Amino acid sequence: MKILAGNSNRPMAEAIAAYLNIPLAQANIRRFSDMEVFVEILENVRGEDVFVVQSTSFPANDNLMELLVCVDALKRASARRITAVMPYFGYARQDRKPGPRTPISAKMVANLLTVSGANRILTLDLHAGQVQGFFDIPVDNLYSAGVFVEDIKSNLDDGRAMIVSPDVGGVIRARAVAKLLDADLAIVDKRREQAGVSEVMNIIGDVNGRRCIIIDDIVDSAGTLCNAALALKDAGAAAVSAHVTHGVLSGGAVAKVASSVMDELVTTDSIQATEAMRVTKNIRVVSVAPLIAEAMQRIATESSVSSLFVKQ
């Protein structure tokens, strides 16, 4: 078993390697002057079970291309099996045609990964579960719910917690966390007029005096999250925090969260935290490296991975 780290989230790859007590594979992954990706594996991987750790986060296209080139290099070096470990699967939000003449980019990325030589995919909290069906190779989709539940229990377990879904589409995800915590569930009913812009309409559930915890998979512009937090406060919530798996936080999202009424935003290290995130007082990062490392170990030993799943 060998672990190859891409450049998108090296701290996570190092944490995974430390958990498994396995050194990272030696490789030269760099760019030519025109930003073309070059990969050279500096040790023998013939017949090895190799895991490539690479999130396709910002810059999404560069990191995706780097992953594809890494997989191709390993395939040509005669690796026995290549697993693309993608803590954050970019393009997963483009899982259907929202209108005429639009792509299904998640399917295209699945095709690229398969053709490049990946034998298996390991990812975390896919935006849409059906993306697994776009692959003709095995896909293990882990859930961060268990990590979030432990974090909530250690910080907010006072009997007043109420889990909140920021929209109707996220109810299944939020309900899984609520069930594990034996907590009530509320839903924010919103209307999205255009991409990246949302307007909160009303709250389904009585949140008055409750400590509301919003559960979601991706926070990008943070507009929906901040609007939902404000609506919950207006509805009488005593406190509002959020646990979101993938902290994309593009543009001015970090500043938006910092100035919002949210007491805290907790995200995972599936995407490497920026300096702005690290210095923002109401943003905190929890690690999913042990969860991913355990799944990698079980894949390598042909053991069951499903016991790591939190059913949704």
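Residue indices begin from 1 for each chain and proceed along its sequence in written order. With pLDDT at 70 or above as the cut-off, local features in this predicted model cover only qualifying residues; side-chain atom pairs require 80 or more to be listed or tallied, and sums for whole chains, interfaces and linings still use all residues. Side-chain measures here rest on the full set of heavy atoms in the structure, leaving out hydrogens and waters.

J.: How do you make sense of empty space enclosed by the protein when you look at a structure like this?
T.: Empty pockets left among the atoms are what a rolling probe the size of a water molecule brings to light. Site definitions follow a grid-based scheme: protein atoms alone, a 1 Å grid, a 1.4 Å probe that fits but cannot get out for cavities, and for pockets an open set with protein on both sides within 12 Å along at least five of seven lines, plus lining residues having an atom within 4 Å of a point. Grid points are joined across faces, edges and corners, and a volume is the space filled by probe spheres set on the points. Applying the stated criterion across every chain yields a total of two cavities of 30 Å³ or more. For the largest cavity, the calculated volume is near 50 Å³. For the largest cavity, the full set of lining residues is Tyr88, Phe89, Ala92, Thr123, Leu124, Asp125, Leu126, His127, Ile218 and His246. Partitioned by chemical class, the residues of the lining of the largest cavity number six nonpolar, three polar and one charged. The computed volume of the second largest cavity comes to approximately 40 Å³. Asp125, Ser144, Ala145, Arg173 and Ile215 are the residues nearest the centre of the second largest cavity, which is lined by ten residues in total. At the level of secondary structure, the elements contributing two or more residues to the lining of the second largest cavity comprise helix 4 (145-156), helix 5 (171-181) and strand 11 (211-219). Note that Gly is not counted as nonpolar here; it falls among the polar residues with everything else outside the nonpolar set of Ala, Val, Leu, Ile, Met, Phe, Trp, Tyr, Cys and Pro and the charged set of Asp, Glu, Lys and Arg. Partitioning the lining of the second largest cavity into residue classes produces four nonpolar, three polar and three charged. Each helix is a run of DSSP H or I of at least 4 residues and each strand a run of E of at least 2, with the numbering of both proceeding from the N terminus.

J.: How should I be thinking about the nonpolar core in this particular structure?
T.: Taken as a class, soluble globular proteins show a tendency for nonpolar side chains to be buried jointly. With 35 residues, the main nonpolar core has Leu4, Leu74, Phe89, Leu113, Ile121, Val131 and Phe135 as its most contacted residues. Here this core gets seven residues from one element, more than from any other, and that element is helix 2 (residues 60-76). Contact partners of leucine 113, with chain neighbours within four places excluded, come to Leu67, Leu68, Met86, Phe89, Ala118, Ile121 and Phe135. The next biggest cluster of nonpolar side chains, apart from the first, holds 27 residues, and it includes Ala186, Ala228, Met277 and Ile283. We define a nonpolar core as any set of buried Ala, Val, Leu, Ile, Met, Phe, Trp, Tyr and Cys residues linked to one another through side-chain atoms lying within 4.5 Å. A 1.4 Å probe rolled over the protein chains alone gives each residue an accessible area, and that area as a share of the maximum for its type sets the label: buried under 20%, exposed over 50%, partly exposed in between. Contacts are assigned to residue pairs that have any heavy atoms within 4.5 Å of one another.

J.: Please explain the packing of aromatic side chains as it appears in this structure.
T.: In this description, a pair of aromatic rings is defined by centroid distance and the angle of the planes. Note on aromatic contacts: the rings of Phe and Tyr and the six-membered ring of Trp form a pair at centre separations within 6.5 Å, being stacked when their planes are under 30 degrees apart, edge-to-face when over 60 apart, and tilted otherwise. Under the criterion given, the structure shown has two aromatic pairs. With 5.6 Å between their ring centres and 40° between their planes, phenylalanine 32 and phenylalanine 38 make a pair best called tilted. Between phenylalanine 89 and phenylalanine 135, the ring centres sit 6.0 Å apart and the planes meet at 80°, which makes this aromatic pair edge-to-face. One end of the pair, phenylalanine 89, is in the loop between strand 5 (81-86) and helix 3 (105-116); the other, phenylalanine 135, is in the loop between strand 6 (120-124) and strand 7 (139-142), with 46 residues separating them in the sequence. On the basis of relative accessible area, phenylalanine 89 is assigned to the buried category, the value being 4%.

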